[in-house]
Amino acid sequence: MTVYVLAQVSIHDRERYDRYAAAFMPVLLQYQGRLLAADEAPVAVEGAWPHDKVVLVAFEDQAAFERWANSPEYREISKDRLAATDGVVLTVRGI
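Residues numbered from 1 in each chain as written. Predicted model: local features only at pLDDT ≥ 70, side-chain atom pairs only at ≥ 80, totals over all residues. Heavy atoms only, no water.

Participant: In this structure, what is going on with the packing of aromatic side chains? I would like to understand it.
Facilitator: By the definition in use, this model includes 8 aromatic pairs. Taken together, Tyr17, Tyr20, Phe24, Phe59, Phe65, Trp68 and Tyr74 form an aromatic cluster joined through their ring pairs. (Phe/Tyr/Trp six-rings, centres within 6.5 Å; stacked < 30°, edge-to-face > 60°.)

Here's what the structure looks like:
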């Protein structure tokens, strides 16, 4: 079953975040992830949304997501994301 990763982040260190973003796609593709959306200007249709960016990624299943998230390559680049942003990352099971 497809697993989607939804990240909602506020960026407080643009330089470090941009370094993470530059390294993101090669690592994602190495682990067969698919970037479905990335937007720094999403429109809140209902309610208040306190973040700067939303990212939506898909993996074949939970195991594929975990291989990527726990990979040495992703763990290394994610240091910049963690230092540069605040927010939430969710996994959502497809239907």
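Participant: Sorry, what's going on with the pattern of salt bridges here?
Facilitator: Pairing between side chains becomes possible if they bear opposite charge and their charged atoms approach one another. The full count for this structure, using the stated rule, is 6 salt bridges. The shortest N-O distance in the salt bridge between Asp18 and Arg14 comes to 3.3 Å. Of this pair, Asp18 and Arg14 both sit in helix 1 (residues 14-30), 4 residues apart, which is roughly one turn of the helix. Given the relative accessible area of 38%, Arg14 is considered partly exposed. A salt bridge links Arg14 to Glu40; its shortest N-O distance comes to 2.8 Å. Of this pair, Arg14 sits in helix 1 while Glu40 is found in the loop between strand 2 (34-39) and strand 3 (53-59), placing the two residues 26 residues apart along the sequence. Residue Glu40 is classed as partly exposed on the basis of its relative accessible area, which comes to 41%. A single salt-bridge network, built from bridges that share partners, covers Arg14, Asp18, Glu40 and Lys53. (Salt bridge = Lys/Arg side-chain N within 4 Å of Asp/Glu carboxyl O. Helix = DSSP H or I, 4+ residues; strand = E, 2+ residues; numbered from the N terminus. Buried < 20%, exposed > 50% of the residue type's maximum accessible area, 1.4 Å probe, protein only.)

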